[in-house]
Amino acid sequence: MASMLLNSMRSCSVSHSWAMRFGKMSSSSVSKKTLARPGVKNIVLVEGVRTPFLLSGTTGLLNRTGVPKDAVDYIIYGTVIQEVKTSNVAREAAMGAGFSDKIPAHTVTMACISSNQAMTSAVGLIAAGQCDAVVAGGVEFMSDVPIRHSRKMRKTMLSLNKAKTLGQKLSLIGSIRMAHLSPELPAVAEFSTAETMGHSADRLAAAFGVSRVEQDEFAVRSHSLAKKAQESGLLEDVISFKVPGRDIVSKDNGIRPSSMEQMAKLKPAFIKPHGTVTAANSSFLTDGASAVLIMSEEKALAMGYKPKAYLRDFVYVSQDPKDQLLLGPTYSTPKVLERAGLSMSDIDVFEFHEAFAGQIMANLKAMDSDWFAQTYMGRKSKVGTPSMDKFNLWGGSLSLGHPFGATGCRLVTTVAHRLKKEGGQYGLVAACAAGGQGHAMVIEAYPQ
Amino acid sequence: FAIVKGDVAVIRMNDPNSKVNTLSVQMQKEMIEVMGEVWADNAVNSAVLISSKPGCFIAGADINMIQACKDAEEVAKLSQEGQKMFEQVEKSPKPIVAAINGSCLGGGLEFAIACQYRVATKSKKTVLGTPEVMLGLLPGAGGTQRLPKMVGLPSAFDMMLTGRNIRADKAKKMGLVDHLVDPLGPGLKSPEERTIDYLEEIAIECARGIANKKIPLRKEKGRMQKIQDYIMSFELVRNQIYKTVHGKVMKQSKGLYPAPLKIIECVKTGVEQGPTAGYLAESQNFGQLAKTTESAALIGLYHGQVACKKNRFGTPEKEVKTLAILGAGLMGAGIAQVTVDKGVHTILKDTALAGLARGEQQVYKGLNDKTKKKSITSFQRDSILSNLTGQLDYKGFEKADMVIEAVFEDINIKHAVLKEVEAVVSPQCIFATNTSALPIKEIAAVSKRPEKVIGMHYFSPVDKMQLLEIITTDKTSKDTTASAVAVGLKQGKVIIVVGDGPGFYTTRCLAPMLAEAVRVLQEGVDPKKLDALTTNFGFPVGAATLADEVGIDVAAHVAEDLGKAFGSRFGGGNVDVLKTMVDLGFKGRKSGKGCYVYQPGSKVKEVNPEIGDILEKFKMAANPAVSSDSDVQYRLVSRFVNEAVLCLQEGILNNPLEGDIGAVFGLGFPPSHGGPFRFVDSFGADKLVEKMRRFEAVYGNQFTPCQLLLDHAKNSSKKFHK
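Identification of chain B as Trifunctional enzyme subunit alpha, mitochondrial from Amphiprion ocellaris is taken from an unreviewed UniProt entry. Under the UniProt heading Subcellular location (unreviewed entry), the entry covering chain B gives this text: "Mitochondrion inner membrane". As stated in UniProt under Pathway (unreviewed entry), the record for chain B gives "Lipid metabolism; fatty acid beta-oxidation."

As annotated in an unreviewed UniProt entry, chain A carries the name Trifunctional enzyme subunit beta, mitochondrial and is attributed to Amphiprion ocellaris. Check the Subunit (unreviewed entry) section of the UniProt entry for chain A; it says "Heterotetramer of 2 alpha/HADHA and 2 beta/HADHB subunits; forms the mitochondrial trifunctional enzyme. Also purified as higher order heterooligomers including a 4 alpha/HADHA and 4 beta/HADHB heterooligomer which physiological significance remains unclear. The mitochondrial trifunctional enzyme interacts with MTLN. Interacts with RSAD2/viperin." Quoted verbatim from the Sequence similarities (unreviewed entry) heading of the UniProt record, the comment on chain A is "Belongs to the thiolase-like superfamily. Thiolase family."

Right, here's the structure in full:
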């Protein structure tokens, strides 16, 4: 799946024509100053694509081919749950996609913001003058996570390799008990607190007094906006792919707008019986891959590409993984705005990662609280909440799905596309991640 | 007091005069009024009972209220009023939900179990329990009657006889709590406030659910529960349980504590003869127990413990953030163990790699045992350990706010270490010395900054023994003392602050008693018999075993040093008995042989056969006039007590309360007597002096009562404790 994306990446120059079209439409409304700084290289997003985010169970690949092989200097991929056999999945995907085997590739991991990390690493490489064009992306195969033998069994198997005589081997084999055979699933719980993310999200929602109805409403909003975007063909970053043995998939298959009554029927998924987080107001884990081509502005122009957006300031933050696990956006937003010299009202397009409806609502409330900003963030005042008219207008992780490693690129690409479509100047991406970490990035529209 | 939210009344308890809520006469009165309002209000279908105090539901009954009663009848009446009120709660036509966050103890738990439903937070501060037995009392407001019905006989006995705290998740498993709520992190309010609000919201939902019959009150019993109930329906089985529990209590308490036996009696009466008889037995026995000397002693210790958990020297100017410990032996590593998990950066320094490795392993093992007991996670263990630095040099000592040395007890080594440390640390750094007998003045003699030198006497094993004896010299500054006390409190210690002198307070009291114990052995009493005599008096550990635990070499060392300092008053047994034992390698438990033989894995300890020969060599003739079992007991105890009183007379001790706490928590003085000073008060100074005079006639000045004791003997109205 990842290699397919890389293939499509290579053919991205086809996007010129429609990019120009949107450019004309929106150029009139852009009047704000640019964030370009003297001495700092302009780094641009040239293209972003993704496979449809599929509910676990339908995986496969489709090949798209035909692209110049020397366009890229480096490849970085983000992933969360690593397959032992492809621990550097970026390298395998790159070669599988027919990129030159002379292009180095590495894999990064930072939970749900892994592909954000891949992109910002790419920005770093370009800014440092190491590279001019980097492909960054993320990939996740939730339907085929590696399941390990239990530690006892692993120990026995490893000693079996070392056993010299048949007697030793037999006695080791004889030591295997039923308990040895039970497999270990990869943990979905935080390592440091042993709490699952859904449980933490439920507590977070309760801490900020987010009601079940508020959460359900937000989830319905996400699904209906996604549906609308899909129907009006706005989700153009999606490329079709063929599931082996099944049909071609060209749409996200998790978008299911439903009524509030249906939503209200669901039982809480984590804290029973009084919790508020349900399956319907949480993002669902899917397979999926996404990729972006990032270049220095000169290189992109020299190669005849029409960039989509500038990638400007970005920050990473981290906080208490127990009680503030999912508050990354609250911490990262004011910080990145400060760096960019912008305020909340300057931003035209918001794309926040929707891990849980309750998490988004809690973040919105935290960003609107002077008390929280002063007591926990050491800031003088609150940063304020984004206007809902600008917020995740094409759906989000709640409706499109959330392949851990691939969501970041989707957010950035969506911001670029929305800036063009809606004619805005600045976009903001923010996301939370396991381990109590967070990320935010400011994106500026490319002048048309 | 009560706020009505829709059809649910919320009763919020908040005692304005105290940090915790207690069941007092005033509170009981108000509660009855509020309950009356709830029952009378037709719009209300159910109620929630919650505390507005973070970390406390109800901490128990007001002890002062019980102590203020003149006689047993008055206390029994108090108990009856409590019973009556909770009976009304139990029979309430409108369901009452107890929403528990923080300590729910004693009367608080009895209140909660009288309610129809209990919701508790999973916070670490939420504990449920019936600690009355530790104060020599019993749960006197229906607890002995309701608890067995609720959690079954075995669990009820376990709770009431041990008085231990039960955490919320365990309480849920036992059936003590019906519903759990997660504590919340920060939101738009502080975590504590928000958690209470959240608990209230959930409890209101539950109350509404019960009133609407959506939440059933009787839970479906599990198969194990049914089997247990079936077995318990046989009188024979129940009698067997009473017998076993009774036997256990007798074995552990030696019959010195009346409360556990009364608890068994109350439960038995309730189960076998019905609630009327049960409640009557409970209130009567509660009244009687409240007026026993044992209860007074235990309550005294409780008050003392609370007082010794406060810093009477004020807040130190500078908080200790980095603590360095010299010597990674049993003591040093033990101190590290109780420090590192309090978020203090701890440096553990030794001179040899092997010693350091052993010490670090001890700290790791202590934490790992906690992980096994699931009181901390393995992640927390590792993150705590990251605060510990093990090293062989003085690197980083310039950042230390306090250095505690726990090197070998030798004045020359202590001097060398003190000079080395003062050369590398900042001028603000405090130098604390952990010694059991060396005078601090002498150690401080070589210091450039004697105002920064203080003694911190820990007791082994440090992680188990609650006491810390802090020793100040006349040069020690007040801020240094405040800082040492603050560190000790952080380590979770009960602290007494005493003046300087050979043996300070604790060692000085113990030494004459051990000297007497050696004499008793020389007079032909078997170590096992000696142990039995002391434990029967109420000491948790027998005198011979205690000597083995302390170490025969340490005991010999101390006996010799203090003998030199105090002369013949510290005589009695021949120090050479101990010295000969040390020469033969009988150093106590650590060397495998002492008074007893210690074999790893074996639980039965046998008397060391070779000790007989030594005692034979030093045999003394026993004087039958002062050698009855009781006389031997009082010979041991009176020397201890006399020395303690002398410490107060000489100003080593600041007050009798600290003397009692030090003796009980550091040396195992019988808790049933509440410490040497309370013992004098309750036993009678005159009677004690009379006994001592009799012993004095035989043995001489070792039994001469000190002046303060004589003063008390002359005037019976003089008491150490009011």
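Chemist: Just to check I follow, could you spell out the overall build of chain A for this structure?
Modeler: A count of helices and strands for chain A gives 16 helices and 12 strands. Sequence separation of at least 24 residues holds for 82% of the intrachain contacts in chain A that already meet a minimum separation of 6. Entry remark: accessible area of chain A is about 18,200 Å², with carbon and sulfur atoms responsible for 56%.

Chemist: Whenever I open this one, the pattern of salt bridges confuses me. Can you help?
Modeler: Residues and elements named next belong to chain B. Per the counting criterion, the structure on display carries 48 salt bridges over all chains. Here glutamate 272 ties to arginine 238 by a salt bridge, and the two come within 2.8 Å at their closest N and O atoms. Taken together, the positions of glutamate 272 in helix H11 (residues 258-273) and arginine 238 in helix H10 (residues 235-253) put the pair 34 residues apart, joining distant regions of the chain. Since its relative accessible area comes to 14%, arginine 238 is described here as buried. Notably, a salt bridge pairs lysine 529 with aspartate 629, separated by 3.0 Å at the nearest N-O pair. Of this pair, lysine 529 sits in helix H21 (residues 527-537) while aspartate 629 is found in helix H26 (residues 629-649), placing the two residues 100 residues apart along the sequence.

Chemist: I would appreciate a short explanation of the interface of chain A and chain B in the present structure.
Modeler: When the parts of a complex come together, some accessible area is lost, and that lost area is often used as the size of the interface. Facing the 18 residues of chain A at the interface are 19 residues of chain B. At the boundary of chain A with chain B, total buried surface from both sides reaches about 1,600 Å², with 64% on carbon and sulfur atoms. By the criterion of area lost to chain B, the three top residues of chain A are Ala207, His274 and Trp371 of chain A, representing 35% of everything that side buries. The interface formed by chain A and chain B contains 5 residue pairs in polar contact (both at pLDDT 80 or more). Residue assignment for the side of chain A that touches chain B shows that the elements contributing at least two residues are helix H8 (197-207) and helix H14 (370-376) of chain A. Among the elements that take part in the side of chain A that touches chain B, H8 of chain A stands out by supplying 4 residues, more than any other.

Chemist: Which parts of the structure should I look at to understand the sheet that holds strand E17 (residues 467-472) of chain B?
Modeler: Think of a sheet as strands paired side by side through backbone hydrogen bonds, with each pair either parallel or antiparallel. All names here are of chain B. Here 8 strands make up an open sheet; going across it, the order is E13-E12-E11-E14-E15-E16-E17-E18 and the pairing mixed. Two strands close off the open sheet at either side, each with one partner strand: strand E13 (388-391) and strand E18 (494-499). For this sheet the average axis-to-axis angle between neighbouring strands, irrespective of direction, equals 25°. On the sheet, helix H14 (residues 330-340) packs against strand E11 (322-326), strand E12 (345-349), E13, strand E14 (402-405) and strand E16 (453-458) and is oriented at approximately 170° with respect to E12.

Chemist: I tried to follow the packing of H21 of chain B against H26 of chain B on my own but got confused; where do I start?
Modeler: Two numbers describe a pair of packed helices, the interaxial angle and the distance between the axes. All names here are of chain B. Interaxial distance between H21 and H26 falls to 10 Å at its minimum, and their mutual angle equals 75°. Between H21 and H26, the crossing angle belongs to the class labelled roughly perpendicular. Note on element contacts: H26 touches H21 through Asp629, Val632, Gln633, Tyr634, Leu636 and Val637, opposite Lys529, Leu530, Leu533, Thr534, Asn536 and Phe537.

Chemist: Any chance you could explain the UniProt feature "site: Important for long-chain enoyl-CoA hydratase activity" (unreviewed entry) in chain B here in plain terms?
Modeler: Residues and elements named next belong to chain B. Following the UniProt record, one finds the feature "site: Important for long-chain enoyl-CoA hydratase activity" (unreviewed entry) at Glu110 and Glu132. Maximum C-alpha separation among the annotated residues is 11.4 Å over a sequence range of 23 residues, consistent with a single clustered spot. Along the chain, glutamate 110 turns up in helix H4 (residues 107-114). On the basis of relative accessibility, which here comes to 3%, the residue glutamate 110 falls in the buried class. Once residues lying within four places of it in the same chain are set aside, the contact partners of glutamate 110 are Phe86, Glu132, Pro139, Gly140, Ala141, Gly142, Gly143 and Arg146. A distance of 2.7 Å separates a polar side-chain atom of glutamate 110 from the backbone nitrogen of alanine 141. Looking at glutamate 132, the relative accessible area reads 10%, which means it is buried. Not counting chain neighbours up to four residues away, the residues in contact with glutamate 132 comprise Gly106, Gly107, Glu110, Leu137, Leu138 and Pro139.

Chemist: Looking at this structure, I do not really get helix H27 (residues 656-667) of chain B. What am I missing?
Modeler: Along an α-helix, residues three or four apart share an orientation, since each turn contains 3.6 residues. Residue and element names in this part refer to chain B. Over its 12 residues, H27 extends 16 Å from the first C-alpha to the last, a length consistent with the 16 Å expected when each residue adds 1.5 Å. Most of H27 is tucked away: 11 of the 12 residues are buried. Every buried residue of H27 is listed here: Pro656, Glu658, Gly659, Asp660, Ile661, Gly662, Ala663, Val664, Phe665, Gly666 and Leu667. Where H27 is buried, its residues touch helix H13 (293-307), E17, E18, helix H20 (506-522), H26 and helix H28 (676-683). By the N-cap criterion, in which a side-chain oxygen at the helix start approaches the backbone nitrogen of a residue two or three places on, H27 is capped by asparagine 655, the distance to leucine 657 being 3.2 Å. Trailing H27 by a residue or two, glycine 668 shows a phi angle of about 75°, which is positive.

Chemist: What exactly am I supposed to notice about the UniProt feature "active site" (unreviewed entry) in chain A here?
Modeler: All names here are of chain A. Mapped onto this structure's residue numbering, the UniProt feature "active site" (unreviewed entry) falls at Cys112, His402 and Cys432. These residues run over 321 residues, yet every pair of their C-alpha atoms falls within 12.3 Å of each other. Take cysteine 112: it is sitting in the loop between strand E4 (105-108) and helix H4 (114-127). Cysteine 112 sits in the buried class, given a relative accessible area of 5%. The contacts of cysteine 112, once residues within four sequence positions are left out, are Val80, His353, His402, Phe404, Cys432, Ala433 and Ala434. Within the secondary structure, cysteine 432 is located in strand E11 (residues 426-433). Judged by its relative accessible area of 2%, cysteine 432 falls in the buried class. Beyond its immediate stretch of four places on either side in the chain, cysteine 432 contacts Cys112, Ile113, Leu326, Gly328, Pro329, His353, Ala355, Gln359, Gln437 and Gly438.

Chemist: Explain the UniProt feature "active site" (unreviewed entry) in chain B to me, please; I cannot follow it from the model alone.
Modeler: Residue and element names in this part refer to chain B. Per the UniProt record, "active site" (unreviewed entry) is annotated on Glu469. Here glutamate 469 shows up in strand E17. Leaving out residues up to four positions away in the same chain, glutamate 469 has contacts with Gly455, Met456, His457, Phe459, Ile496, Val498, Phe504, Tyr505 and Thr506. Among the polar contacts made by the side chain of glutamate 469, one reaches the main-chain amide nitrogen of tyrosine 505 at a distance of 2.9 Å.

Scoring rules and cut-offs
- Residues numbered from 1 in each chain as written.
- Chains lettered and ligands numbered in written order.
- Predicted model: local features only at pLDDT ≥ 70, side-chain atom pairs only at ≥ 80, totals over all residues.
- Heavy atoms only, no water.
- UniProt positions renumbered as here; feature names shortened; annotations may be inferred.
- Helix = DSSP H or I, 4+ residues; strand = E, 2+ residues; numbered from the N terminus.
- Contact = heavy atoms within 4.5 Å.
- Areas by Shrake-Rupley, 256 points an atom, 1.4 Å probe, with all protein chains shown as cover.
- Salt bridge = Lys/Arg side-chain N within 4 Å of Asp/Glu carboxyl O.
- Buried < 20%, exposed > 50% of the residue type's maximum accessible area, 1.4 Å probe, protein only.
- Buried area = accessible area lost by both parts, 1.4 Å probe.
- Polar contact = N/O pair within 3.5 Å; in protein donor to acceptor, adjacent residues only side chain to side chain.
- Pairing = 2+ DSSP bridges.
- Axes fitted to C-alpha atoms, helices over the stretch in contact; angles between N-to-C directions.
- Parallel < 35°, antiparallel > 145°, perpendicular 65-115°, else oblique.
- Expected span 1.5 Å × (residues − 1).

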